[in-house]
Amino acid sequence: QAFSLFVKAKEVPAAGLCSAGGEGVRWRCCRQAFEELPGIHKHVALQHAGDIGRQAGLTTDAGQQAGLPAKQAAAEASPSSGPVPVGDADGLNGHSCSTPEITCTLPDTRRVSYDDLTSKVGEVLLYYCYCEVKDPEKLCAWQKALCQHLHLTGKVRVASEGINGTVGGSKVATSLYIEVMLSQPLFKDILCQEDFKSSAGGAHCFPDLRVGVFKEIVPMGIDPKIVSYKETGIHLSPQEFHREVEQYLSQTSQGQSDTVLLDCRNFYESKIGHFQGCLAPDIRKFSYFPSYVDENLELFKDKRVLMYCTGGIRCERGSAYLRSKAVCREVYQLKGGIHKYLEEFPDGFYRGKLFVFDDRYAICSNEDIISACRYCGTLWDQYKLCSSQHCRQLVLTCPSCHNKGLTACCPVCQEKELKVTSRPSGQTLKEECECTRRRPRVPIERVSQRMLDAGK
């Protein structure tokens, strides 16, 4: 099965044969063109046995346990009667699948031109689906084959608790991806069209494709069996959340609010964009969020909590953790996250840019700039990576300061960069800079007056 998926992903769409290298070409792999089935089979068996074994954990391991070399084991797993058609009951959908709730079909792209499938003008999809996955490795192998087949790049996390992905590609490719995802029986009655958040972009927004199996589909650092997505807060539509924030800001301005508007993201995300009057924890990673809640339980005692994040996934686990502490009166969360809110309220209560985890770093819905250059204080909200190799944190440095060579996240990093570049190759310095040293890992809030001031 893994072998078939790998070969299928290397097919050249019929409409794009000429642009792909000639009418006889049916597969492309490792910058080579193959016209005959035995040719691509031999190439994959000899060159990609390890990839196939890692993808599905089958064929190679079984063959080696039987005393066969890895290449021979992969070769013997090769189908002898041609590629498996999409939907073939005896192939990808048949008895070889150990869990019938996961179908491993790939979309038929033979009527799609190669240029349309690989166009640089496209979009980036963001989605997640919490559900019980009995065989994460199989789902992972299928996802990798699917994304390769559609020329998508990005990141997909698979776990026993579900799937979380952000992928980029042409409009044709992303549309096919959504169609296949919605037809996957594993996600039936859970995932729907509205769960896919889209923004302008494409495959170029990511350096590569990364698909893997993890313990959590969003890294909070708490075992999903201990704090489950099934114990989440109450979901509010963008319209409902908008009304709640409006009411919250009105009450807060009068010093009467019993609500906490909580940003579940990291400090560098909230720095360039956030809801008015929010509490934005000064934490670097979402895995610090549970400790932040533990250290600030008084803050949430007897409060109504309105939570939000980029696309909704962090709120699912974050709200479950907060509810497990049994201190809040009510816990609500923005369904679809800021992404969906901005689709309906581009000039609402969220101001600034929306941080995204790809090479764009941020997308905008309004003209507000709420952050400033690290060095001169000029309004600026376009991130770049810190130029110091030992650090690589994000830095806001305006064009003027950047041209002056101020390209690190802080003066300490700037100085260390000079030391690193003058050292022998291979010697680096431990990550330590002004940014991380001065910031408590988990801040303890003294928040009452601060929240009132923010609301005003």
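Source: prediction; values computed, not measured.

J.: Explain the environment of Asp116 here, please?
T.: Relative to the helices and strands, Asp116 is located in helix α7 (residues 114-117). According to the relative accessible area criterion, Asp116 is partly exposed, its value standing at 43%. Along the primary structure Asp116 and Ser170 are separated by 54 residues, whereas in three dimensions their C-alpha atoms are 6.9 Å apart. Every residue in contact with Asp116, bar those within four places of it in the chain, is listed here: Ser170 and Val172.

J.: Looking at this structure, I do not really get the pairing of strand β11 (residues 304-308). What am I missing?
T.: Of all 5 residues in β11, 5 are buried, a share of seventy percent or more. Burial along β11 is two-sided: the residues Arg304, Leu306 and Tyr308 and Val305 and Met307 are all buried. Where strand β9 (residues 259-263) meets β11, 5 bridges bridge the pair, whose relative direction is parallel. In the strand pairing of β11, Val260 is matched with Val305. Sheet topology note: the β11/strand β12 (residues 330-334) ladder contains 4 bridges and is parallel. Pairing of Val305 across the sheet is with Val331, part of β12. At this point the chain moves from β11, through helix α14 (residues 313-324), to the parallel β12, and the crossover so formed is right-handed.

J.: Sorry if this is basic, but what is going on with the sheet that holds strand β5 (residues 162-170) here?
T.: Hydrogen bonds along the backbone pair up the strands of a sheet, which may run parallel or antiparallel. Spatial strand order, β6-β3-β5-β4-β7: 5 strands in an open sheet with mixed pairing. Of all strands in the sheet, those bounded by a partner on one side alone are β6 (197-201) and β7 (209-213). The sheet shows a mean angle of 10 degrees between the axes of neighbouring strands, direction not considered. As paired elements, strand β3 (residues 122-130) and β5 share 9 bridges and run antiparallel to each other. Each residue of the ladder has a partner; that of Tyr127, found in β5, is Gly165.

About the criteria used
Chains are numbered independently. Their residues run from 1 in the order of the written sequence. Reporting in this predicted model follows two pLDDT cut-offs: at least 70 for local features of residues, and 80 or more for side-chain atom pairs to be given and counted; totals over whole chains, interfaces and linings ignore these cut-offs and use all residues. Side-chain measures here rest on the full set of heavy atoms in the structure, leaving out hydrogens and waters. Only DSSP runs of H or I with at least four residues qualify as helices, and only runs of E with at least two residues qualify as strands; both kinds are numbered from the N terminus onward. Only protein chains enter the area calculation, which uses a 1.4 Å probe; residues under 20% of their type maximum are buried, those over 50% are exposed, and those in between are partly exposed. For this analysis, residues touch if any pair of their heavy atoms sits within 4.5 Å. Only when DSSP finds a minimum of two bridges between them are two strands counted as paired. With the strands pointing away from the viewer, any crossover whose connection runs clockwise from the first strand over the helix to the second is right-handed. Fitting a line to C-alpha atoms yields each axis, with helices limited to the stretch in contact; the angle taken between N-to-C directions then spans 0 to 180 degrees.

No statement about biological role is implied by the geometric values presented.
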